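Chain by chain, the residues run as shown.
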Amino acid sequence: RQISVNAIIAFGMTVVIIGAGIDLSVGSLLALVGVTAAILATTSGLPIGAVLLAALVVGAGLGLLNGLVVGDAGVAPFIVTLAGLTIFRGMTLVLTDGKPVSGLPPVFGRIGYGTFLKVPMPIWVMLAVLVVSYVLLRHTAVGRAIYAVGGNAEAARLSGIPVRRVLAFTYVYSGLATAVAALVLTGRLNSAQPTAGQSFELDAIAAVVVGGTSLFGGRGSVWGTLVGALIIGVINNGMNQLNVSSFYQQIVKGGVILGALLIDRLLSQRKA
């Protein structure tokens, strides 16, 4: 249950990174989707189903915005999503005036703390996103196109793959996965925090690279990402249990990403 939010975000991040992209905006997007859903649920009078759907649409829509700038404008993904990180966090603070949104309907609590067959709901949601991500990448034409674009975008273009559309889709999927994670986290906290999601992009990227997905694109799997998320979760929990300062925890996470990147680079050079 503790790693479910990071794992869900990381599954979407895996799709982006396999396509040779990166999404640094997921933490801020998670906060924005969470407060949007909470505000709609507490003030709009809409049915809860419509609120949840609206949250998913917001996540996918803002992901599409990232994807269009990356794919059509040709701006580097790092720059686009770094801008998104700042913009989405600013939008969240504007919407909430920096204050948490509480008084949520009971359905949010069921998403965060409910159980089905004695298994916590966040785990079921995580497994559902895992299966959907696996089927997408391994058993659909879109998934094969994502691997092709990540491996060699120019060769993919010459073979008839619409590279721009594929890139845009990866960010839509990342935004959608992040929106699902936002609903789970909002349910677990029973409120929407404008500061939620800070550094979540770091944990998600760490889970992806530790799970064996190449940051250079074209190689990886969501099953590896699940293992990576479990490893990062154990590291985080272990450091908390040992009362390791949060300052040192950031150093450790950064070191894990750097180490995994260096190993991936060495393996790629040997294969070449």
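Structure: above.
Quick caveat, the model's predicted, so the values are computed rather than measured. (Residues numbered from 1 in each chain as written. Predicted model: local features only at pLDDT ≥ 70, side-chain atom pairs only at ≥ 80, totals over all residues. Heavy atoms only, no water.)

## Structural notes on the overall build of the protein chain
Move 1: Check the secondary structure of the protein chain and you find twelve helices and two strands.
Move 2: From first element to last, N terminus to C terminus, the protein chain shows the α and β order α-α-α-α-α-β-β-α-α-α-α-α-α-α.
Move 3: The C-alpha radius of gyration computed for the protein chain amounts to 18 Å, which stays within 12% of the reference 19 Å derived for 272 residues, consistent with globular compactness.
Move 4: Considered along the principal axes of its C-alpha atoms, the protein chain spans approximately 55 × 45 × 40 Å.
Move 5: The proportion of buried residues among the 272 residues of the protein chain is 47%.
Move 6: Taking contacts inside the protein chain between residues at least 6 apart in sequence as the whole, the part at least 24 apart equals 79%.
Move 7: Carbon and sulfur atoms make up 68% of the accessible area of the protein chain, which totals about 12,600 Å².
Move 8: Charge-centre separation for the protein chain: the mean point of 16 positive side chains lies 10 Å from the mean point of 7 negative side chains. (Helix = DSSP H or I, 4+ residues; strand = E, 2+ residues; numbered from the N terminus. Rg over C-alpha atoms; globule rule 2.2 N^0.38 Å. Buried < 20%, exposed > 50% of the residue type's maximum accessible area, 1.4 Å probe, protein only. Contact = heavy atoms within 4.5 Å. Areas by Shrake-Rupley, 256 points an atom, 1.4 Å probe, with all protein chains shown as cover. Lys, Arg positive; Asp, Glu negative; His and termini not counted. Charge placed at Lys NZ, Arg CZ, Asp CG, Glu CD.)

## Regarding the packing of helix α2 (residues 26-43) against helix α3 (residues 48-71)
Axes are the key here: two packed helices are described by the angle between their axes and the distance separating the axes.
Move 1: The interhelical angle for the contact between α2 and α3, taken along N-to-C directions, is 150°, at an axis separation of 9 Å. In terms of their interaxial angle, α2 and α3 are classed as roughly antiparallel. Crossing of α2 over α3 shows right-handed handedness. Seen from α2, the contacting residues are Leu 29, Leu 32, Val 33, Thr 36, Ala 37, Leu 40 and Ala 41; seen from α3, they are Val 51, Ala 54, Ala 55, Val 58, Gly 59 and Leu 62.
Move 2: Among the residues forming the contact of α2 with α3, the class breakdown is eleven nonpolar, two polar and no charged. (Axes fitted to C-alpha atoms, helices over the stretch in contact; angles between N-to-C directions. Parallel < 35°, antiparallel > 145°, perpendicular 65-115°, else oblique. Left-handed = near helix turned anticlockwise from the far one by under 90°. Nonpolar A, V, L, I, M, F, W, Y, C, P; charged D, E, K, R; others polar.)

## Quick word on the pattern of salt bridges
Close approach of charged atoms lets side chains of opposite charge pair.
Move 1: Considering all chains together, one arrives at one salt bridge under this definition.
Move 2: Of the charged contacts in the structure, one is a salt bridge between Arg 157 and Glu 154, with a shortest N-O distance of 2.5 Å. Linking Arg 157 with Glu 154, this pair stays in helix α8 (residues 153-158), spanning three residues, or about one helical turn.
Move 3: For Glu 154, a relative accessible area of 42% translates into the label partly exposed. (Salt bridge = Lys/Arg side-chain N within 4 Å of Asp/Glu carboxyl O.)

## Observations concerning the packing of aromatic side chains
Move 1: Overall, the coordinates contain three aromatic pairs when judged by the stated rule.
Move 2: For the ring pair Phe 116 and Trp 124, a centre distance of 5.6 Å and an interplane angle of 65° mean the geometry is edge-to-face.
Move 3: Overall, Trp 124 belongs to the partly exposed group, its relative accessible area being 31%. (Phe/Tyr/Trp six-rings, centres within 6.5 Å; stacked < 30°, edge-to-face > 60°.)

## Thoughts on the environment of Val 51
Move 1: Relative to the assigned elements, Val 51 resides in helix α3.
Move 2: Taking C-alpha positions, Val 51 is 8.8 Å from Thr 36, a pair spaced 15 residues apart along the chain.
Move 3: Here Val 51 is in contact with Ala 37, Leu 40, Ala 41, Leu 46 and Phe 108, once residues within four sequence places are set aside.

## Things to note about unusual backbone geometry
Move 1: You will see that Ala 20, though not glycine, has its phi angle at about 70°, which is positive.
Move 2: With respect to the element layout, Ala 20 can be found in the loop between α1 (4-18) and α2.
Move 3: With a phi angle near 60°, Asn 243 is a residue other than glycine that sits in the positive phi range.
Move 4: Its location among the elements puts Asn 243 in the loop between α11 (222-241) and α12 (246-271).

## Digging into the environment of Thr 43
Move 1: Residue position: Thr 43 is located in helix α2.
Move 2: Within the structure, the side chain of Thr 43 is placed 2.5 Å from the backbone oxygen of Ile 39, a separation counted as a polar contact. (Polar contact = N/O pair within 3.5 Å; in protein donor to acceptor, adjacent residues only side chain to side chain.)

## Quick word on the nonpolar core
Move 1: Counting residues in each nonpolar core, the largest one holds 70 residues, and the members touching the most others are Ile 8, Phe 11, Leu 30 and Phe 108.
Move 2: In terms of residue count, helix α9 (residues 163-189) provides more of this core than any other element does, twelve residues in total.
Move 3: Residues within four places of Phe 108 in sequence aside, it is in contact with Ala 37, Ala 41, Ile 48, Val 51, Leu 52, Leu 183, Thr 186 and Gly 187. (Core = buried A, V, L, I, M, F, W, Y, C linked by side-chain atoms within 4.5 Å.)

## Let's talk about the environment of Leu 82
Move 1: With respect to the helices and strands, the residue Leu 82 is situated in helix α4 (residues 77-96).
Move 2: A residue is classified by how much of its surface remains accessible, and Leu 82, at 37% relative accessible area, is partly exposed.
Move 3: In sequence terms Leu 82 and Ile 22 are 60 residues apart; their C-alpha atoms lie 9.7 Å from each other.

Taken by themselves, the reported measurements are silent on function.
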